[in-house]
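# Reading the structure
What follows is the residue order along each chain.
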Amino acid sequence: MAIDKTWDIFCKIVDNFGDIGICWRLAKQLRSEHQLTIRLYIDDLHIANQLIPAIDTSLEQQSIEGISIIAWHADTKFQPAAPVVIESFACELPPNYLNTMQPSTVWINLDYLSAESWVDDFHAKSSKRGALTRHFFFPGFTPSTGGLLREYDIVKEQQSLDKAAAHQQDFWQSLGLAPSPNVKVSLFCYPHAPISALLSAMAQSSLPISCYVPASSILSSVAEFFGQSTLQIGDTLTKQNLTLHVIPFLSQSDYDKLLGCCDINFVRGEDSWIRAIWAGKPFIWQPYLQTEQTHIKKLHAFLDLFYADCAATTKAATFNLHNAWLSEQIPAGIWQDYLSQLNPLNAYNRQQSNALAQQTDLSTKLVIFSEKIIKNIFGNKV
Ligand code: TRH
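Remember, it's a predicted structure, so these values are computed and weren't measured experimentally.

## Concerning the overall build of the protein chain
Within the protein chain, the secondary structure is distributed over 15 helices and 14 strands. Here the C-alpha coordinates of the protein chain stretch approximately 70 × 45 × 45 Å along the principal axes. When the 382 residues of the protein chain are sorted by exposure, 54% land in the buried category. Counting only carbon and sulfur atoms, one obtains 52% of the accessible surface of the protein chain, whose full area is about 16500 Å². Side chains of the protein chain carry 28 positive and 36 negative charges; the gap between the two charge centres is 6 Å.

## Let's talk about the domain arrangement of the protein chain
Once the domains are mapped, the protein chain shows domain 1 (6-149 + 360-381) and domain 2 (154-356). The interface is formed by 20 residues belonging to domain 1 together with 19 residues belonging to domain 2. Interface area for domain 1 against domain 2, summed over the two sides, is near 1900 Å², with a carbon-plus-sulfur share of 61%. The three residues of domain 1 that bury the most area against domain 2 are Arg25, Leu113 and Phe141, which together make up 34% of that side's buried surface. Between the two partners, domain 1 and domain 2, sit two salt bridges. The interface formed by domain 1 and domain 2 contains five residue pairs in polar contact (both at pLDDT 80 or more). Counting residues per element, the ones that place at least two in the side of domain 1 that touches domain 2 are helix H1 (18-34) and helix H2 (45-51).

## Side note on the site of the ligand
Around the ligand, the surrounding shell holds 22 residues, and the nearest of these are Tyr190, Leu250, Arg268, Asp271 and Ser272. Here a nitrogen atom of the ligand and a backbone polar atom of Leu250 are 2.7 Å apart. Look at the ligand: alone it shows 710 Å² of surface, and the protein chains cover 97% of it. Counting only elements with at least two residues in the shell around the ligand, the list comes to H1, helix H9 (252-261) and helix H10 (271-279). Taken together, the residues that form the shell around the ligand break down as ten nonpolar, seven polar and five charged. Built from parts of two domains, the shell around the ligand gets at least three residues from each of domain 1 (6-149 + 360-381) and domain 2 (154-356).

## Some words on the sheet that holds strand E9 (residues 183-187)
Taken together, the six strands give an open sheet; going across it, the order is E11-E12-E10-E9-E13-E14, and neighbouring strands pair in mixed fashion. The open sheet has two edge strands with one neighbour each: strand E11 (236-239) and strand E14 (283-286). Geometrically, the sheet is characterised by an average inter-axis angle of 15 degrees between neighbouring strands, direction not taken into account. Inspection of the sheet shows E11 paired to strand E12 (residues 242-247) by four bridges, in the antiparallel sense. By the bridge assignment, Lys239 is partnered in E12 with Leu242. With respect to the sheet, helix H7 (residues 195-203) is in contact with E9, strand E10 (209-214), E11, E12 and strand E13 (264-268), its orientation differing from that of E12 by roughly 130 degrees.

## A closer look at empty space enclosed by the protein
One pass over the structure, following the stated rule, counts two cavities of 30 Å³ or more. Roughly 60 Å³ of internal volume is contained in the largest cavity. Along the walls of the largest cavity sit Ile22, Phe89, Leu110, Asp111, Leu113, Pro139, Gly147, Leu148, Leu149, Glu270, Ile274 and Leu362, which together make up its complete lining. Among the residues forming the lining of the largest cavity, the class breakdown is nine nonpolar, one polar and two charged. Within this model, the second largest cavity holds a volume of roughly 30 Å³. If you go around the second largest cavity, the residues you meet are Gly147, Leu148, Arg150, Trp278, Leu356, Gln359, Thr360 and Asp361.

## Considerations on helix H15 (residues 362-378)
Compared with the 24 Å implied by 1.5 Å per residue over 17 residues, the 24 Å span of H15 between its first and last C-alpha is a close match. For H15, the set of buried residues is Leu362, Ser363, Lys365, Leu366, Val367, Phe369, Ser370, Ile373 and Ile374. On its buried face, H15 sits against strand E1 (6-11), H1, strand E5 (84-88), strand E6 (106-110) and strand E8 (132-137). Count one or two residues on from H15 and you reach Gly379, which has phi positive near 60 degrees.

## Let's talk about the environment of Tyr338
Relative to the elements of secondary structure, Tyr338 occurs in helix H13 (residues 332-340). Overall, the relative accessible area of 0% leaves Tyr338 in the buried class. A sequence separation of 47 residues divides Tyr338 from Thr291, and the C-alpha atoms of the two residues are 29 Å apart. With sequence-adjacent residues up to four places away left out, Tyr338 is seen in contact with Ile264, Pro282, Phe283, Ile284, Ala317, Thr318, Leu321 and Leu345.

Rules of the game
- Residues numbered from 1 in each chain as written.
- Predicted model: local features only at pLDDT ≥ 70, side-chain atom pairs only at ≥ 80, totals over all residues.
- Heavy atoms only, no water.
- Helix = DSSP H or I, 4+ residues; strand = E, 2+ residues; numbered from the N terminus.
- Buried < 20%, exposed > 50% of the residue type's maximum accessible area, 1.4 Å probe, protein only.
- Areas by Shrake-Rupley, 256 points an atom, 1.4 Å probe, with all protein chains shown as cover.
- Lys, Arg positive; Asp, Glu negative; His and termini not counted.
- Charge placed at Lys NZ, Arg CZ, Asp CG, Glu CD.
- Domains from an automatic or database assignment.
- Contact = heavy atoms within 4.5 Å.
- Buried area = accessible area lost by both parts, 1.4 Å probe.
- Salt bridge = Lys/Arg side-chain N within 4 Å of Asp/Glu carboxyl O.
- Polar contact = N/O pair within 3.5 Å; in protein donor to acceptor, adjacent residues only side chain to side chain.
- Near = heavy atom within 4 Å.
- Nonpolar A, V, L, I, M, F, W, Y, C, P; charged D, E, K, R; others polar.
- Pairing = 2+ DSSP bridges.
- Axes fitted to C-alpha atoms, helices over the stretch in contact; angles between N-to-C directions.
- 1 Å grid on protein atoms, 1.4 Å probe; cavity = no way out; pocket = protein on both sides within 12 Å on 5 of 7 lines; lining within 4 Å.
- Points joined across faces, edges and corners; volume = space filled by probe spheres on them.
- Expected span 1.5 Å × (residues − 1).

See below:
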């Protein structure tokens, strides 16, 4: 029996860029590293366009970087389901597509990432829906989960960027900036974070800080801190020991470079969080706000797992800054303590990045998982 290596991925953009950010990376990796044919259904091409600038929002179907991108709306005429279907983040497959699925279709719900211990038990469970079976695939940090989204060479690339001053210089120049000798901080966060308190702590730092802010919904808070009504891409502002640069919203690969070129990365949600891990630099993660303090549980589960073997002083400085970032205040002392731990944190995060990169990555696990199910159904006929 010939194997059809087509996979369908469904992406519903709830808000922000995480859903499409993850689906786009996954689609590209499944194609380039696993030679699969990918049809990516996206429900909001306009938001996707900000992350994938090559998208023509007027087209129903188009091919970008070898991925077939299809507009998903109420009138979409679906082709028969591919042998493997990824429903990202429980986005609910449309009924007229579900009708084309067979009992043998491998239907995988790709869930959100969490470091909580329950993930190990829930990963790879399944439930029946009529004649169909829906499998629950949970990304995670331990070998018994679905793993982390990681391209084959990303860690190596980030580490060589770290050693190559000339490549870093090229990157800064591409943004119209000179390389800075200061402590370099990238800032990507939700608008409810205590942004003004952080900038104020940076301004009072004992070390000079260069902060890089990709254009996003936080610019009005940043403008307010500097007493401006608006900010433009390309603006540079200074206050005491802080110099802040407003940079464009970058391509995903340039954003990776920004993370690799900075000394501290403030990241959020899911995808930028994972990228900060692969950058191997100290980072502060702001989880996506959820009800019932779920995001705080998620943050603490991650900090406990990731920093389990970290020296007590370094760990305390890291936990304190994360907790302050979730609150309304960042006392200057907490920021200063964190700065004093940059060297040990750098070494520790690099080591953790290397250790996690030894585990099988999420796309490979998805492929192994689906092949196993197909073998169970068809036996040696495939
Ligand atoms: O945008 P987010 O807040 O996405 C969130 C989370 O994924 C959350 O879990 C989910 O529930 C919610 O969406 C719906 O943060 P995240 O996940 O980091 O996604 C941002 C994407 O934007 C990521 O792919 C990196 C990318 N990015 C760039 O490409 N260029 C940039 O300049 C920046 C700042 C980000």
